[in-house]
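Read off the chains here:
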Amino acid sequence: MGLHDFSLYDLICRNARCFRNRPAWFEADTGSTTTFGQFKIQVDHLAAGLQQVGIKTGDRIGVVGKNSLGFFQIYGAAAALGAIVLPINWRLSADEMAFNLNDCTPTTVFADDDFGDVVSGIRDQLPSIRRYFNLNDAGPFDAFDKLMVDAPLSVDPIGADAGLVIIHTAAVAGRPRGALVSHANLLCASLHLNYCFGLSPADVHLNLLPLFHVGGLFMAVNAFHAGALNVNMSKFDADNAVDLIQSKKVSVLFDFSPILGSILDSQEKRGVDISSLQSVMGLDAPETIERYQKTTGGCFYTMYGQTETSCLTSMGRYDDRPGAAGRPIPLGLVELVDDADKPVPAGQVGEITLKGPMVFKGYWNLDADNAQTFRGGRHHTGDLGRFDEDGFLWYAGRKPEKELIKPGGENVYPAEVEKVILEHPAVLQTMVFGVPDPKWKEGIKAVCVLKPGQQMTAKALIEFVGGRIARYKKPQYVQFVKSLPEKNGSIDREAVKGLYGGEQAHT
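For the structure given in this document, a descriptive report is provided here. (Residues numbered from 1 in each chain as written. Predicted model: local features only at pLDDT ≥ 70, side-chain atom pairs only at ≥ 80, totals over all residues. Heavy atoms only, no water.)

**Brief notes about the side chain of N185**
Condition: Helix numbers and strand numbers start at the N terminus; a helix is a DSSP run of H or I with at least 4 residues, a strand a run of E with at least 2. Only protein chains enter the area calculation, which uses a 1.4 Å probe; residues under 20% of their type maximum are buried, those over 50% are exposed, and those in between are partly exposed. By the convention used here, residues are in contact when the closest approach between their heavy atoms is within 4.5 Å.
Here N185 is to be found in helix 6 (residues 183-197). Judged by its relative accessible area of 2%, N185 falls in the buried class. When residues no more than four places from it in sequence are discounted, the contact partners of N185 are L180, F218, S310, P357, M358, V359, F360 and K361.

**Description of the pairing of strand 12 (residues 279-283)**
Applicable threshold: A pair of strands is treated as paired once DSSP finds two or more bridges between them. For a crossover, the right-handed case is the one in which the path from the first strand over the helix to the second runs clockwise, viewed with the strands pointing away from the viewer.
In terms of burial, strand 12 is largely enclosed, as four of its five residues are buried. Note: strand 11 (residues 252-256) against strand 12, five bridges, orientation parallel. Bridged to L253 within strand 12 is V280. This β-α-β element, strand 11 to helix 9 (residues 259-270) to strand 12, shows right-handed connectivity. Two strands pair when backbone bridges link them, and strand 12 and strand 13 (residues 299-304) are joined in this way by four bridges, in the parallel orientation. Paired with M281 across the two strands is Y301, which belongs to strand 13. Tracing the backbone out of strand 12, into helix 10 (residues 286-296) and back to the parallel element strand 13 gives a crossover that is right-handed.

**What to know about helix 10**
Stated formally: The directions from the helix axis to the C-beta atoms form the arc being described.
The set of residues buried in helix 10 consists of T288, I289, Y292, Q293 and T296. Buried residues along helix 10 cover an arc of 130° about the axis, so they all sit on one side. Facing away from the buried surface of helix 10 by more than 90 degrees, the exposed residues are E287 and K294.

**Regarding the environment of A48**
The topology assignment puts A48 in helix 2 (residues 36-52). Along the sequence, A48 and L126 sit 78 residues apart, while their C-alpha atoms lie 25 Å from each other. What A48 contacts, discounting residues up to four positions off in sequence, is V149, A151 and L153.

**Quick word on the sheet that holds strand 20 (residues 393-398)**
Definition in use: To obtain an axis, a line is fitted to C-alpha atoms, over the contacting stretch when the element is a helix, and the angle between two such axes runs from 0 to 180 degrees between their N-to-C directions.
Ordered by their spatial adjacency, four strands build an open sheet running 16-17-19-20, and the pairing between neighbours is antiparallel. The sheet terminates laterally at strand 16 (333-337) and strand 20, the two strands that pair on one side only. Averaged over neighbouring strand pairs, the angle between their axes works out to 45° when direction is ignored. Relative to strand 17 (residues 350-355), strand 16 runs antiparallel, the two sharing five bridges. Paired with V334 across the bridge in strand 17 is L354.

Listed below in structure tokens is the structure:
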């Protein structure tokens, strides 16, 4: 610890010297701008205030709120103190939020005015939390400004491998897992993204993905690292995004369908110039990607990654190999393996594994899961892929035991949705899986068998699920059938997909 370490706080100090008077953060909601020098002072004051209320190295700090300068400052202050940020997906239900908070036992929680009442409603379920603060000016808790203290910090140097953030992944078999990401993970990802985009202080990033999401956080830090400007949107709106792209000369953003398509629709309808947007990375349909490139002359970058690989495993230009996920990142050794963990040759499908500094530190308090995930000295992603002869990675879905649905960039495990559906007294059996969806790229479908004598509508079941877990996890499509095919005493998932998958009519 020390001589060979570099933390997020060290980056903040470095940039305050290199780019002191350059704009670092623009709040679209208020029109206010913060420079790199001002940001460092704000982070120091917040860190001093957090230290005075008892935050120390290794403590977790929960945050429930939309993107804001204060949210980004919390990451910086935690980095200065060696604390760990626990950002909560605000799209979760109150009970799901409580689970994730209790899983990592934070001592302090911040909530903005959109979620103060939700957090207040679960306080009696959160025994580890001693202090509650507002994330902005309004809310039921102690004022954020009370923590802005002009006092010296007294902290030990923070190691690069120290934990910085815990991001909960989708619920495998009904239980979310907190992925611990280090300073080194984040900064290595930032350098890879800078390498990909060739960012400079002249660039402008539209910060529209939430800061609880690995893509949102890492892209914001990537822009900050380059000395570029983050233009922050607390809530995505296509018309507002187009106006900001034009007025602020936004040059880069991260896309999950349907974000880019809605931006292009707004641009086309209103005739706004978005030609500054020269770099977009993410996941989208080929027709949307090609439409963007034709409209702006910019470049779309494809990628494969997950929270556990610090956002990136492979990346590349869409035009280099349309449909592929790019080539492995420069500091990542990607190997595809069979069920016996033996490498498979080019052209064959195997599980994607990764070795290198991008691999996360492990799942919080889940030693058995970590031993399985890191077996053989490699991170096993649970995803399948194949290499072509030129080293491009082609995504080939999830392993059957880790089946995953990704509506609009969120991760949803079928087992979690199935568990909730089976709580309905009218449902006897169900199977949930992903299907093509024109808006979200992948939608959620539930095929259900009702108990004898029971009746219900698709709408009623969808609302039942949406009332118990995050609404983005509820099915978009429901089909009731008399029976589900079985194999060896269990539902035959592949047979169900064959019968009821593919393009769907809207429910």
